[in-house]
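Coordinate inspection notes
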Amino acid sequence: MNDGTITLPWLVIRQDDNGNRYRVGRYATRAEAQKIADSLDNREHKQLYWVERIGQNGDATRN
């Protein structure tokens, strides 16, 4: 993009024990998002973390 905006298409999502999902953060690269997801996943309290990409239409796709 050349319009001066920063694109953060990669999301880290957390799912709790009750199935509720929360966006943890948005990141510029998949590698950055995966690093965060992995570090959170390594904690003792187990939650489910994964990385999704926001598509051009605004929908998230799990990767």
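Here's a quick rundown of the structure. Predicted, not measured: the structure shown is a model, and the values here were computed from it.

Looking only at helices and strands, the protein has 1 helix and 4 strands in total. Secondary structure of the protein in N-to-C order comes out as β-β-α-β-β. In the protein, which comprises 63 residues, the share counted as buried stands at 27%. A sequence separation of at least 24 residues applies to 38% of the contacts in the protein between residues at least 6 apart. Counting every atom, the protein has about 4800 Å² of accessible surface; 44% of that belongs to carbon and sulfur.

A separate point is helix α1 (residues 30–41). Counted at 1.5 Å a residue, the expected span for α1 with its 12 residues is 16 Å, and the 16 Å between its end C-alpha atoms agrees. Among the residues making up α1, those that are buried are Ala 33, Ala 37 and Leu 40. Within α1, the buried residues cover an arc of 65° as seen down the axis, which keeps them to one side. Facing away from the buried surface of α1 by more than 90 degrees, the exposed residues are Ala 31 and Lys 35.

With that settled, consider the nonpolar core. Core analysis: the largest hydrophobic core is formed by 8 residues, namely Trp 10, Val 12, Tyr 27, Ala 33, Ala 37, Leu 40, Tyr 49 and Val 51. Listing elements by their share of this core, those giving two or more residues are β1 (10–15), α1 and β3 (48–54). The element contributing the most residues to this core is α1, with 3 residues. Residues in contact with Val 12, not counting those within four places in the same chain, are Tyr 22, Arg 23, Val 24, Gly 25, Tyr 27, Ala 33, Ile 36, Ala 37, Tyr 49 and Trp 50.

Another aspect to go through is the pairing of strand β2 (residues 21–27). Sheet analysis places β1 next to β2, joined by 6 bridges and oriented antiparallel. Across the sheet, Val 12 pairs through a bridge with Gly 25, a residue of β2.

About the criteria used
Residues numbered from 1 in each chain as written. Predicted model: local features only at pLDDT ≥ 70, side-chain atom pairs only at ≥ 80, totals over all residues. Heavy atoms only, no water. Helix = DSSP H or I, 4+ residues; strand = E, 2+ residues; numbered from the N terminus. Buried < 20%, exposed > 50% of the residue type's maximum accessible area, 1.4 Å probe, protein only. Contact = heavy atoms within 4.5 Å. Areas by Shrake-Rupley, 256 points an atom, 1.4 Å probe, with all protein chains shown as cover. Expected span 1.5 Å × (residues − 1). Arc of directions from axis to C-beta. Core = buried A, V, L, I, M, F, W, Y, C linked by side-chain atoms within 4.5 Å. Pairing = 2+ DSSP bridges.

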